[in-house]
There are 2 protein chains.
Amino acid sequence: MITIIILGAGNVAKHIYTAFTNQKSVRIIQCYNRKGVSIHKDQKKENITKNLRDLIEADIYIIAVSDDAISEVSDNLPFTNKLIVHTSGSVPMLSMNSVNRRGVFYPLQTFSINSTIKYSTIPFCIEAEKDTDRLLLKKLALILSPKVYDISSEQRSVLHVAAVFVNNFTNHLFSVGNQICSENEIPFEILHPLIQETAKKITVLDPDKAQTGPAIRKDNKTLQRHLHILKKDSQKELYTLLTQSIQSNYGKKL
Amino acid sequence: MITIIILGAGNVAKHIYTAFTNQKSVRIIQCYNRKGVSIHKDQKKENITKNLRDLIEADIYIIAVSDDAISEVSDNLPFTNKLIVHTSGSVPMLSMNSVNRRGVFYPLQTFSINSTIKYSTIPFCIEAEKDTDRLLLKKLALILSPKVYDISSEQRSVLHVAAVFVNNFTNHLFSVGNQICSENEIPFEILHPLIQETAKKITVLDPDKAQTGPAIRKDNKTLQRHLHILKKDSQKELYTLLTQSIQSNYGKKL
Ligand SMILES: NC(=O)c1ccc[n+]([C@@H]2O[C@H](COP(=O)([O-])OP(=O)(O)OC[C@H]3O[C@@H](n4cnc5c(N)ncnc54)[C@H](OP(=O)(O)O)[C@@H]3O)[C@@H](O)[C@H]2O)c1
Ligand SMILES: NC(=O)c1ccc[n+]([C@@H]2O[C@H](COP(=O)([O-])OP(=O)(O)OC[C@H]3O[C@@H](n4cnc5c(N)ncnc54)[C@H](OP(=O)(O)O)[C@@H]3O)[C@@H](O)[C@H]2O)c1
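Quick caveat, the model's predicted, so the values are computed rather than measured.

### Some thoughts on the environment of Lys-41 of chain B
Residue and element names in this part refer to chain B.
Consideration 1: Inspection of the secondary structure assignment puts Lys-41 in the loop between β2 (26-32) and β3 (48-49).
Consideration 2: Given the relative accessible area of 75%, Lys-41 is considered exposed.
Consideration 3: In this structure the side chain of Lys-41 is engaged in a polar contact, spanning 3.5 Å, whose partner is the side chain of Asp-42.

See the structure below:
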């Protein structure tokens, strides 16, 4: 039985609570957040605290608070030599206070309050100062998902940049597609199946091999017509730079 | 019973053949392509021709050839006043020869030879000069999918630009993510679930509302660190422009 304490009351804290709550080999024995609120409907009041000084003993303390607050929360813990981990993609492990044994338990997925996530598909990125701690974190992650990776703080920061491209920037391209549609009274939902298929394709085919469209074909007539159709300068700029980027990427590989 | 003839032997011709082959209310009575090859394992030899002059009578002639060849093929048809449609997202309906009744039967999805597609999820964009033809095309599309839209040539060309953003450009961002990972010996598959979730999210949430990340948070510390981590100038340029685009998009809405 692994005992854990969750610190924080945001998206990740709530999802971690939900994910572990019905697992026999894990017990969430306490939760801390600065407002002392409940983060799950099944939670007992006496297991919630808003005072770090009230924290009891556990195998793992999971600090799921905003990136900027991780170091501060770790500084204010009233104990030493315990295993403390944060859940961030971008904060170095060593930014937490060294009086405790440090680690990282980073679920590489985008969480929002109302979304239901299949936890078994989430990749967990694990790191720890001590090897025994790393193995314990691995064991904890494996309870939820078979996809557990040893990732150093340096690799994690790189992974975070890559995630910005495939998640934040991709979502922005969906926004631009949505804009273009609504400027022309076309329902954006027409594009939903194409979007799903685009995402699905790269799980079976390298994205370089899946590349199609006027840019890679160097179809200049279509490229010019598209630039003409686009109304906003910001849309034209994105179209031009992404086209150039595809062409130089592909050019190199010939 | 709707009788159709398919012209072309590429991805779309093959997928249309497969999609209709087991439908009771449709019969593919002949196929044309310039090499006279079979496009489906169940096809009878006598129903394949490489001569446009041998084309027999049908309700609908579906011209599924390369964009550049659509007009030429329509010019060389040996009959008049029949319903001819192309399957292109970017070619205007009126670019086909006016001796026949013209229409468009555009399946808005990305097809490749080896992918299996659930045809019932494909949106069909329909257009025709005559209203009776439009209704027949609608009937034909509805056999495969409930998602059938009346889309003018002008709207279709706009839709094609939007599709470049959400499909071609998005796939390129996946390529960049892949590059960043492999430069740092991180398996790209770690990002696959995030990519699937990013695509899934916009089917339930407007992409503007789904936007997250350092750009929209104006988290300059992270933005600077990310630019520092990126090695290639082309990656830095994309990062900078996409960040600006997100910030100006969001700025306007506040
Ligand atoms: N959301 C995701 O998709 C995702 C995915 C993977 C990893 N992560 C990481 O997981 C961690 C938590 O993210 P999140 O999305 O759950 O954030 P969130 O929903 O914004 O919640 C942040 C939580 O941190 C608490 N907090 C902020 N400053 C604090 C302080 N000084 N002392 C104590 N608590 C403080 C907040 O408390 P109040 O409620 O009192 O404001 C809130 O409960 C971050 O490191 C993030 O990078 C997030
Ligand atoms: N692929 C997609 O994802 C997709 C999606 C929606 C719509 N579309 C549209 O569907 C149409 C076909 O695309 P596709 O992907 O099937 O293309 P494709 O796989 O490249 O096949 C093109 C076909 O056109 C034939 N062709 C080219 N020039 C010709 C000519 N002068 N005379 C007769 N046949 C000629 C080719 O014949 P050979 O085999 O002899 O070269 C080939 O069979 C295009 O209008 C395209 O825009 C494609």
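### A short note on the site of ligand 1
Residue and element names in this part refer to chain A.
Consideration 1: Contacts to ligand 1 come from 23 residues, most closely from Ala-9, Val-12, Arg-34, Asp-67 and Phe-111.
Consideration 2: Note that an oxygen atom of ligand 1 is positioned 2.9 Å from one of the side-chain N or O atoms of Arg-34.
Consideration 3: For ligand 1, whose unbound accessible area comes to 900 Å², protein coverage reaches 76%.
Consideration 4: Those elements giving two or more residues to the shell around ligand 1 turn out to be α1 (11-21), α2 (67-75) and β6 (101-107).
Consideration 5: Of all the elements, α2 adds the most residues to the shell around ligand 1, at five residues.
Consideration 6: Per-class residue counts for the shell around ligand 1 are eleven nonpolar, eight polar and four charged.

### Describing the site of ligand 2
All names here are of chain B.
Consideration 1: As a matter of local geometry, ligand 2 sits amid 23 residues, with Ala-9, Val-12, Arg-34, Asp-67 and Phe-111 nearest to it.
Consideration 2: Taking Ala-9, its main chain carries an N or O atom lying 2.9 Å from an oxygen atom of ligand 2.
Consideration 3: Here an oxygen atom of ligand 2 and a backbone polar atom of Phe-111 are 2.8 Å apart.
Consideration 4: Here ligand 2 has 900 Å² of accessible area as a free molecule, and 76% of this is covered by the chains.
Consideration 5: Contributions of two or more residues to the shell around ligand 2 are made by α1 (11-21), α2 (67-75) and β6 (101-107).
Consideration 6: Looking at the shell around ligand 2 element by element, the count peaks at five residues for α2.
Consideration 7: Looking at the shell around ligand 2 residue by residue, the class counts come to eleven nonpolar, eight polar and four charged.

### A look at the UniProt feature "domain: Pyrroline-5-carboxylate reductase catalytic N-terminal" (unreviewed entry) in chain A
Consideration 1: UniProt records the feature "domain: Pyrroline-5-carboxylate reductase catalytic N-terminal" (unreviewed entry) at residues 4-86 of chain A, using the numbering of this structure.
Consideration 2: Between the end C-alpha atoms of residues 4-86 of chain A the distance is 13 Å, and the span holds 24% helix and 25% strand.

### Quick look at the environment of Gln-196 of chain B
Consideration 1: Checked against the element boundaries, Gln-196 of chain B lands in helix α5 (residues 192-201).
Consideration 2: Since its relative accessible area comes to 26%, Gln-196 of chain B is described here as partly exposed.
Consideration 3: If sequence neighbours within four positions are ignored, Gln-196 of chain B has contacts with Ala-199, Lys-200 and Thr-203 of chain A.

### With respect to the nonpolar core
Consideration 1: Grouped together as the largest cluster of nonpolar side chains are 76 residues, with contacts concentrated most on Leu-159, Phe-165 and Leu-191 of chain A together with Leu-159, Phe-165 and Leu-191 of chain B.
Consideration 2: Each residue touching Leu-159 of chain B, except ones within four places of it in the same chain, is listed here: Cys-181, Ile-186, Ile-190 and Leu-191 of chain A together with Leu-108, Cys-125 and Ile-151 of chain B.

### A closer look at the interface of chain B and chain A
Consideration 1: In this assembly, 84 residues from chain B lie in contact with 84 residues from chain A.
Consideration 2: Where chain B abuts chain A, roughly 7,900 Å² becomes buried across the two surfaces, and 67% of that area is made up of carbon and sulfur atoms.
Consideration 3: At the junction of chain B and chain A, the tally comes to zero salt bridges.
Consideration 4: The interface formed by chain B and chain A contains 30 residue pairs in polar contact (both at pLDDT 80 or more).
Consideration 5: When contributions to the side of chain B that touches chain A are tallied by element, the ones reaching two or more residues are α4 (153-183), α5, α6 (207-210), α7 (220-229) and α8 (233-253) of chain B.
Consideration 6: Ranked by residue count, the leading element in the side of chain B that touches chain A is α4 of chain B, at 26 residues.
Consideration 7: Classifying every residue of the side of chain B that touches chain A gives 41 nonpolar, 33 polar and ten charged.

### Points about the side chain of Ser-88 of chain B
Residues and elements named next belong to chain B.
Consideration 1: Residue placement: Ser-88 occurs in the loop between β5 (83-86) and β6.
Consideration 2: What makes Ser-88 buried here is its relative accessible area of 4%.
Consideration 3: Looking at Ser-88, its side chain comes within polar contact range of the main-chain nitrogen of Val-91, at 3.2 Å.
Consideration 4: Those residues in contact with Ser-88 that sit more than four places away from it in its chain are Asp-67, Ile-70, Val-104, Tyr-106 and Arg-156.

### Quick look at the environment of Lys-218 of chain A
Consideration 1: Mapped onto the fold, Lys-218 of chain A is located in the loop between α6 (207-210) and α7 (220-229).
Consideration 2: Expressed as a C-alpha distance, the spacing of Lys-218 of chain A and Val-148 of chain A, which sit 70 residues apart in the sequence, is 41 Å.

### Brief notes about the packing of aromatic side chains
Residues and elements named next belong to chain A.
Consideration 1: Summed over the entire model, instances satisfying the criterion amount to twelve aromatic pairs over all chains.
Consideration 2: On the basis of an interplanar angle of 40° and a centroid distance of 5.0 Å, the ring pair of Phe-105 and Phe-124 is categorised as tilted. With Phe-105 in strand β6 and Phe-124 in strand β7 (residues 124-128), the pair connects residues that are 19 residues apart, well separated along the chain. Across this residue pair, the class does not change: Phe-105 and Phe-124 are buried.
Consideration 3: Each member of the aromatic cluster is reached from another via a ring pair, and the members are Phe-20, Phe-105 and Phe-124.

### Section: the pairing of strand β1 (residues 2-7) of chain B
All names here are of chain B.
Consideration 1: A large share of β1 lies buried, amounting to six of its six residues.
Consideration 2: Burial along β1 is two-sided: Ile-2, Ile-4 and Ile-6 and Thr-3, Ile-5 and Leu-7, pointing in opposite directions, are all buried.
Consideration 3: Direction of pairing for β1 relative to β2: parallel, over a ladder of six bridges. Its bridge partner lying in β2, Ile-6 is registered against Cys-31.
Consideration 4: One crossover worth recording links β1 to the parallel β2 by way of α1, and it is right-handed.
Consideration 5: By the bridge criterion, four bridges tie β1 to strand β4 (residues 60-63) in an arrangement that is parallel. Bridging from a neighbouring strand, Ile-5 pairs with Tyr-61 of β4.

Reading the values: the criteria
- Residues numbered from 1 in each chain as written.
- Chains lettered and ligands numbered in written order.
- Predicted model: local features only at pLDDT ≥ 70, side-chain atom pairs only at ≥ 80, totals over all residues.
- Heavy atoms only, no water.
- Helix = DSSP H or I, 4+ residues; strand = E, 2+ residues; numbered from the N terminus.
- Buried < 20%, exposed > 50% of the residue type's maximum accessible area, 1.4 Å probe, protein only.
- Polar contact = N/O pair within 3.5 Å; in protein donor to acceptor, adjacent residues only side chain to side chain.
- Near = heavy atom within 4 Å.
- Areas by Shrake-Rupley, 256 points an atom, 1.4 Å probe, with all protein chains shown as cover.
- Nonpolar A, V, L, I, M, F, W, Y, C, P; charged D, E, K, R; others polar.
- UniProt positions renumbered as here; feature names shortened; annotations may be inferred.
- Contact = heavy atoms within 4.5 Å.
- Core = buried A, V, L, I, M, F, W, Y, C linked by side-chain atoms within 4.5 Å.
- Buried area = accessible area lost by both parts, 1.4 Å probe.
- Salt bridge = Lys/Arg side-chain N within 4 Å of Asp/Glu carboxyl O.
- Phe/Tyr/Trp six-rings, centres within 6.5 Å; stacked < 30°, edge-to-face > 60°.
- Pairing = 2+ DSSP bridges.
- Right-handed = clockwise from strand over helix to strand, strands pointing away.

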